[in-house]
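This is what each chain is made of:
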Amino acid sequence: MLIEGFEYQQVEGTDGVDLNVAVGGSGPPIVLLHGFPQTHLMWRHVAPALAANHTVICPDLRGYGESGKPADGYSKRAMAADIVAVAGRLGHRRFALAGHDRGALVAFRAGLDHPDAVSHLLCLDVLPNLDMWDVMQGASAAVGFHLYLMAQPPGLPERMIAASSDEFFGYFLDQWVNDPAAIPSDVRAAYLEACRRAVPSIVADYRATATVDITHDEQDLARGTKLRMPVTVIQQDWGAALGFDAAARWKTWTTNLHHQTTTSGHFMAEESPTEITTAIRTLLNR
């Protein structure tokens, strides 16, 4: 499936990995990064709306969709470098960046590693990686069982997930959505098919979150590295549910933060596209 009105091309990221990229519109550039278990298609409502005034770039992250799937190289640092490289090859050395879920972790790392490239940053429904692991305690951590499964050494997680991939990935599509109609059957089928072909790389992405990404975040926290651009974070109220202050967690990493909660489900760009489009436009005016 394609985003209507967008043109598609393979664009080289880093380390010889090509990313599948949809581009539409004209004007100041904004890059939109998808989450799990999705592809760039999750932006199919938001991207055309933004394209009225912006050049909108929607890649599949490395390891997902129609992008390259190397055996390794799934640190958020490497994935963020892909995005900066792709934007540069498309003629944009500085751009706004929005990410959801896994894409938000990549966007977060891009903002820390490439502050001269990222002008504005939007993160949807995540905590910074280091904070995510810190708040996952006790029985409440069961909600993130997939994080612990895919953190295990190579072999068993890949075999277990591949053996029932549609059930595994479909579980999250069904459980994390408030309005099932927001992910119609054809879109759901496209997500499942893409994930079915990407089990090893998706697991590698998550495994990096539990290993090298923690190291990179710890190093930045020790150095006092912060996101210097305007940042907007929109989340479900996980803090109230799991007992932490999400806004305070984000303030540790930012200098110019707007934090808000939403009544939408996790897939908010699909469930509440007008809310997310408005939030992006508001952010770009800061």
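Residues numbered from 1 in each chain as written. Predicted model: local features only at pLDDT ≥ 70, side-chain atom pairs only at ≥ 80, totals over all residues. Heavy atoms only, no water.

### Side note on the pattern of salt bridges
Item 1. Considering all chains together, one arrives at 18 salt bridges under this definition.
Item 2. Between aspartate 15 and arginine 62 there is a salt bridge, with its nearest N and O atoms 3.9 Å apart. In this pair, aspartate 15 sits in the loop between strand S1 (7-12) and strand S2 (18-24) while arginine 62 sits in the loop between strand S4 (55-59) and helix H2 (76-89), placing the two residues 47 residues apart along the sequence.
Item 3. Given a relative accessible area of 69%, aspartate 15 falls into the exposed group.
Item 4. With its nearest N and O atoms 3.2 Å apart, the salt bridge here joins arginine 249 to aspartate 131. Note that arginine 249 is positioned in helix H12 (residues 246-251) and aspartate 131 in helix H4 (residues 129-135), a separation of 118 residues in sequence.
Item 5. Residue aspartate 131 is classed as buried on the basis of its relative accessible area of 8%.
Item 6. When salt bridges that share partners are traced, they join Arg77, Arg109, Asp113, Asp217, Asp220 and Arg223 into one network. (Salt bridge = Lys/Arg side-chain N within 4 Å of Asp/Glu carboxyl O. Helix = DSSP H or I, 4+ residues; strand = E, 2+ residues; numbered from the N terminus. Buried < 20%, exposed > 50% of the residue type's maximum accessible area, 1.4 Å probe, protein only.)

### Here's the deal with the layout of surface pockets
Item 1. Considering only enclosed or pocket space, the largest pocket measures out at about 490 Å³ in volume.
Item 2. Around the largest pocket sit 24 residues that line it, and Asp125, Met132, Leu147, Trp238 and His266 are the ones nearest its centre.
Item 3. Elements with a contribution of two residues or more to the lining of the largest pocket: helix H3 (102-113), H4, helix H5 (145-150) and helix H11 (238-242).
Item 4. Taken together, the residues of the lining of the largest pocket break down into 14 nonpolar, seven polar and three charged.
Item 5. The volume enclosed by the second largest pocket comes to roughly 190 Å³.
Item 6. Forming the walls of the second largest pocket are 15 residues, and the residues nearest its centre are Met1, Thr39, His40, Asp60 and Glu66.
Item 7. By residue number, the principal contributor to the lining of the second largest pocket is helix H8 (residues 185-196), which donates four residues. (1 Å grid on protein atoms, 1.4 Å probe; cavity = no way out; pocket = protein on both sides within 12 Å on 5 of 7 lines; lining within 4 Å. Points joined across faces, edges and corners; volume = space filled by probe spheres on them. Nonpolar A, V, L, I, M, F, W, Y, C, P; charged D, E, K, R; others polar.)

### With respect to empty space enclosed by the protein
Remark: the empty space left among the atoms is shown by a probe the size of a water molecule rolled over them.
Item 1. Inspection of every chain in the model, using the stated rule, returns one cavity of 30 Å³ or more.
Item 2. Its volume calculated, the largest cavity comes out at about 60 Å³.
Item 3. Forming the walls of the largest cavity are Lys76, Arg77, Leu105, Phe108, Arg109, Asn129, Asp213, His216 and Asp217.
Item 4. Mapped by element, the contributors of at least two residues to the lining of the largest cavity are H2, H3 and helix H10 (212-223).

### Side note on the pairing of S2
The two faces of a sheet get side chains in turn, since along a regular strand they alternate between them.
Item 1. Counting buried positions over the seven residues of S2 gives six, a clear majority of the element.
Item 2. Across six bridges, the pairing between S1 and S2 is antiparallel. Looking at the pairing, tyrosine 8 lines up with alanine 22 of S2.
Item 3. Taken together, S1 and the strand that follows it, S2, pair antiparallel across an intervening segment of five residues, in which aspartate 15 is found at a positive phi of about 55°.
Item 4. As judged from the four bridges shared by S2 and S4, these two strands associate in the antiparallel manner. Within S4, the residue paired with glycine 24 across the bridge is valine 56. (Pairing = 2+ DSSP bridges.)

### Describing the nonpolar core
Item 1. Judged by nonpolar contacts, the single largest core of 95 residues is most densely connected at Leu32, Trp43 and Leu97.
Item 2. The element contributing the most residues to this core is H3, with seven residues. (Core = buried A, V, L, I, M, F, W, Y, C linked by side-chain atoms within 4.5 Å.)

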